[in-house]
Amino acid sequence: MLSIYMSLRWRPVKLDRTDRKILKAMQANARISNLELAEAIGLSPTPCSRRVKRLEESGIIRAHVTLLNQSVLGLKLTAYIGITMDRHTPDRFEAFEAEVTGYPEVMECSVVTGQSSDYLLKVVVPDMEYYERFLLGKLTRIAGVTGVHSSFELRRVVLKTTLPLDHISDAPQL
């Protein structure tokens with residue numbers, strides 16, 4: 001199970017103004033009822049429900065999630081970790097990706113370019129002692145990892161979970 005992004009192919013998205021209103025409202029509150037959503041965007045409940053279902057089936061809406069407060073849960077340390085691999089081969093990358101996918105501490109993992117790292121990970125842990133155990137006991141033991149560069153978040157300035165939609169022009173329905 002590498003990543004949902006790996007299985008989806010990009011294709012042009014055609015959304016109208018009502019679709020964008022639905023997506024903006026649902027990004028702000030995934031628990032909004034269909035009745036509340038329909039009222040907020042100016043549709044009756046049945047067409048609203050059909051549009052949401054179509055957006056889900058198209059893959060535009062991937063999931064409905066609950067966002068937790070990491071600090072309240074004692075997860076006080078966020079690290080951004082650059083990982084350098086010894087070889088740039090598909091088997092080496094697949095093995096690394098399969099391994100880090102199973103680590104609950106890894107919130108994000110991206111293949112990157114433009115820097116000395118091959119991967120950039122976002123990791124959330126309780127404290128520096130836990131981070132050290134994670135780094136030495138897990139990350140550096142993955143075959144092919146030859147370099148690790150860590151940066152630590154001092155203060156989060158922006159945290160968004162909503163994607164911008166203003167770039168999508170009005171178009172015929174999906």
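Residues numbered from 1 in each chain as written. Predicted model: local features only at pLDDT ≥ 70, side-chain atom pairs only at ≥ 80, totals over all residues. Heavy atoms only, no water.

Visitor: An account of the overall build of the protein is requested, with residue identities and associated values reported.
Guide: Tallying secondary structure elements over the protein gives six helices and four strands in all. For the protein, the α and β elements follow one another from N to C terminus as α-α-α-α-β-α-β-β-α-β. A buried classification covers 29% of the 174 residues belonging to the protein. Taking contacts inside the protein between residues at least 6 apart in sequence as the whole, the part at least 24 apart equals 70%. Just so you have it, the protein exposes about 12,000 Å², and 55% of that area is on carbon and sulfur atoms. (Helix = DSSP H or I, 4+ residues; strand = E, 2+ residues; numbered from the N terminus. Buried < 20%, exposed > 50% of the residue type's maximum accessible area, 1.4 Å probe, protein only. Contact = heavy atoms within 4.5 Å. Areas by Shrake-Rupley, 256 points an atom, 1.4 Å probe, with all protein chains shown as cover.)

Visitor: Could you give an account of the side chain of arginine 51, naming the residues involved and the relevant values?
Guide: Tracing the sequence through the fold places arginine 51 in helix H4 (residues 45-57). Polar side-chain contacts of arginine 51 include one of 3.0 Å to the side chain of aspartate 16. (Polar contact = N/O pair within 3.5 Å; in protein donor to acceptor, adjacent residues only side chain to side chain.)

Visitor: So what's going on with the packing of helix H2 (residues 17-28) against H4? Residues and values would help.
Guide: Following both chains from N to C, one finds H2 and H4 inclined at 80°, their axes separated by 11 Å at the closest point. One way to sum up the angle between H2 and H4 is to call them roughly perpendicular. Along its contact with H2, which presents Thr18, Asp19, Ile22, Leu23 and Met26, the element H4 presents Arg51, Val52, Arg54 and Leu55. Considering only residue class, the contact of H2 with H4 consists of five nonpolar, one polar and three charged. (Axes fitted to C-alpha atoms, helices over the stretch in contact; angles between N-to-C directions. Parallel < 35°, antiparallel > 145°, perpendicular 65-115°, else oblique. Nonpolar A, V, L, I, M, F, W, Y, C, P; charged D, E, K, R; others polar.)

Visitor: Could you give me a rundown of helix H3 (residues 34-41), with the residues and numbers involved?
Guide: Inspection of H3 places Leu37, Ala38 and Ile41 among the buried residues, and these make up the whole buried set. Projected onto a plane normal to the axis of H3, the buried residues spread over an arc of 100° and lie on a single side. Those residues of H3 that are exposed and angled more than 90 degrees off the buried face are Leu35, Glu39 and Ala40. As for H3, its buried residues are in contact with H2 and H4. One or two positions beyond H3, positive phi appears at glycine 42, with a value near 85°. (Arc of directions from axis to C-beta.)

Visitor: Requested: an account of the sheet that holds strand S2 (residues 106-111), with residues and values cited.
Guide: Strand-to-strand pairing in sheets goes through backbone hydrogen bonds, with the strands running parallel or antiparallel. Here we have four strands laid out as an open sheet, ordered S2-S3-S1-S4, and antiparallel in their pairing. With partners counted over all chains shown, the strands left at the sheet margins are S2 and strand S4 (145-152), one partner each. Across the sheet, the axes of successive neighbouring strands diverge by a mean angle of 20°, strand direction being ignored. Bridge count for strand S1 (residues 77-85) against strand S3 (residues 119-125) is seven bridges, and the pairing is antiparallel. Pairing of glycine 82 across the sheet is with leucine 120, part of S3. Together, S1, S2, S3 and S4 form the strand contacts of helix H6 (residues 128-137), whose direction differs from that of S1 by roughly 20°. (Pairing = 2+ DSSP bridges.)

Visitor: Describe the side chain of lysine 122, naming the residues involved and giving the relevant values.
Guide: Positionally, lysine 122 belongs in strand S3. Buried and unpaired, lysine 122 has no salt bridge, with glutamate 108 as the nearest side chain of opposite charge at 4.3 Å. Apart from the residues lying within four places of it in its own chain, the contact partners of lysine 122 are Thr78, Ala79, Tyr80, Glu105, Val106, Met107, Glu108 and Arg156. (Lys, Arg positive; Asp, Glu negative; His and termini not counted. Salt bridge = Lys/Arg side-chain N within 4 Å of Asp/Glu carboxyl O.)

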